[in-house]
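Take a look at the letters that make up each chain.
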Amino acid sequence: MNEAIASTPLEVATQTLQRSAWADPHRINADLHCHSVVSDGTLTPEELAARAAANGVQLWSLTDHDEVGGLARAKAAAQAHGLVFIPGVEVSVTWAGETLHIVGLNVEFEGSALEHGLTSVRDGRTERAREMSRLLAKVGIEGAYEGALKYVGNPALISRTHFARHLVETGVCTEVREVFERFLTPGKPGYVPHEWATLSDAVRWILESNGQAVIAHPGRYRLSPLQMDVLIEQFIGLGGTGIEVVTGSHTVDEYKYFAAKSVRCGLKASRGSDFHGPTESRVNLGELPPLPDGCVPIWDNWAHLVS
């Protein structure tokens, strides 16, 4: 392609990636984890694409929880803004009694095994939400279910985050994080457990949809070092290929720790802000630091996407 006659944003973005020749993929600004109103984010897919582009993102993925319904819109918006779009999803998993998340990247999302599997994951969310509301009422917080619904873009995906936004709006807490700490985590008065997909199912759905499976924000899980090693071993055995190293909920020390673990285990490293909205996310889209040296970016062999 001749740089002098590039005319569209997509051509400009493509040339930027081609100029790098993918020789140093660490320099590519990839944000491969965020959420829209289709799950529990506050912005539309179109607004997210515009924000990512404005912040210099080159590779962008929308990874809504257990839902691929926003990917077609996100893809169209990404192309309009010159972003290289990576169709994604974040699948909720129950493993060893804990809720974990597996991100799928480069997935086929229309009529795929993934789309069909996610329908089963979403079943039960409404009843779980009603039970959360009943429990919160016992500690004096009435009408939480109805209040949470005001923040829901997709009724099939009502979540703890929607309850948290309602409790902040009504003054029960001052920020979303406080709601989780006081009411919506295990042992707290509004927490209701739920059986999500198995690790095997989540990875299989992603692989059968020609995607790559990634362990999301591993630093968030209440797992011992031994349990984390067992999780990674099982994940690799099932065909998983990546782990999030640089993400919005990790500390600088965790960047280094999981970068080293990715190298030792042979997993590729991913990077994503886990952006949910301007007022409740720790890191903005595209503003994470680069991956640490030594680990291999999961996008290191994606040059064909812009060729």
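Since the structure is predicted, the reported quantities are computational estimates derived from the model, not experimental observations. (Residues numbered from 1 in each chain as written. Predicted model: local features only at pLDDT ≥ 70, side-chain atom pairs only at ≥ 80, totals over all residues. Heavy atoms only, no water.)

Enquirer: Any chance you could explain the layout of surface pockets here in plain terms?
Expert: Empty space among the atoms becomes apparent when a probe as large as a water molecule is rolled across them. As a volume, the largest pocket reaches approximately 1500 Å³. As for the largest pocket, its lining consists of 48 residues, and the residues nearest its centre are Arg160, Thr161, Phe180, Thr185 and Arg220. Within the residue set of the lining of the largest pocket, elements represented by two or more residues are strand E3 (84-95), strand E4 (98-105), helix H5 (125-138), helix H7 (160-169) and helix H8 (176-184). The residue inventory of the lining of the largest pocket, partitioned by class, reads 12 nonpolar, 20 polar and 16 charged. (1 Å grid on protein atoms, 1.4 Å probe; cavity = no way out; pocket = protein on both sides within 12 Å on 5 of 7 lines; lining within 4 Å. Points joined across faces, edges and corners; volume = space filled by probe spheres on them. Helix = DSSP H or I, 4+ residues; strand = E, 2+ residues; numbered from the N terminus. Nonpolar A, V, L, I, M, F, W, Y, C, P; charged D, E, K, R; others polar.)

Enquirer: Help me understand the confidence of the model for the protein chain in this model?
Expert: Caution applies to low-pLDDT regions: their predicted coordinates should not be interpreted in detail. With 93% of its residues at a pLDDT of 70 or more, the protein chain has an overall mean of 90. Long-range and interchain partners of residues 1-12, a stretch whose pLDDT sits below 50, account for 14 contacts in this model, where long-range means more than four residues apart. (pLDDT = per-residue confidence, 0-100. Contact = heavy atoms within 4.5 Å.)

Enquirer: Sorry, what's going on with unusual backbone geometry here?
Expert: In terms of backbone geometry, most residues other than glycine have negative phi values and most peptide bonds are trans. Despite not being glycine, Asp66 shows a phi value in the positive range, around 55°. Positionally, Asp66 belongs in the loop between strand E2 (59-62) and helix H3 (71-80). Exposure remark for Asp66: the relative accessible area of 0% places this residue in the buried category. Although it is not a glycine, Asn210 sits at a positive phi angle of roughly 65°. Counting through the fold element by element, Asn210 comes out in the loop between helix H9 (199-208) and strand E5 (212-215). (Buried < 20%, exposed > 50% of the residue type's maximum accessible area, 1.4 Å probe, protein only.)

Enquirer: Can you help me understand the sheet that holds strand E6 (residues 242-247) in this one?
Expert: What holds strands together in a sheet is hydrogen bonding between their backbones, with the strands either parallel or antiparallel. In spatial order, the strands read E1-E2-E3-E4-E5-E6-E7; together these 7 strands make up an open sheet with mixed pairing. The open sheet has two edge strands with one neighbour each: strand E1 (30-31) and strand E7 (268-272). Sheet analysis places E6 next to E7, joined by 5 bridges and oriented parallel. By the bridge assignment for E7, Val246 is matched with Arg271. Sitting on the sheet, helix H10 (residues 225-238) is in contact with E3, E4, E5 and E6, with an inclination near 180° to E5. Across the sheet, helix H11 (residues 252-265) lies against E6 and E7, angled at about 160° from E6, the strand it touches most. (Pairing = 2+ DSSP bridges. Axes fitted to C-alpha atoms, helices over the stretch in contact; angles between N-to-C directions.)

Enquirer: Explain the packing of H10 against H11 here, please?
Expert: The relative placement of two packed helices comes down to the angle between their axes together with the axis-to-axis distance. In contact at an axis separation of 12 Å, H10 and H11 are set at 45° when each is read in the N-to-C sense. One way to sum up the angle between H10 and H11 is to call them oblique. Between H10 and H11 the crossing geometry is right-handed. On H11, the residues touching Met228, Asp229, Ile232 and Ile236 of H10 are Phe258, Lys261 and Cys265. Grouping the constituent residues of the contact of H10 with H11 by class yields 5 nonpolar, no polar and 2 charged. (Parallel < 35°, antiparallel > 145°, perpendicular 65-115°, else oblique. Left-handed = near helix turned anticlockwise from the far one by under 90°.)

Enquirer: Help me out: how do you make sense of the nonpolar core in this one?
Expert: When a protein is soluble and globular, its nonpolar side chains tend to lie buried together. Membership of the largest hydrophobic core comes to 69 residues, with the highest contact counts inside it found for Leu32, Leu59, Trp60, Val91, Ile102, Leu114 and Trp299. It is E3 that contributes the most residues to this core, 7 residues altogether. Those residues within four positions of Ile102 in sequence are excluded, and the remaining contacts are Val89, Glu90, Val91, Val93, Leu199, Ala202, Ile206, Ala213, Val214, Ile215 and Phe235. Judged by nonpolar contacts, the second largest core, of 20 residues, contains Met132, Tyr145, Val152 and Cys173. (Core = buried A, V, L, I, M, F, W, Y, C linked by side-chain atoms within 4.5 Å.)

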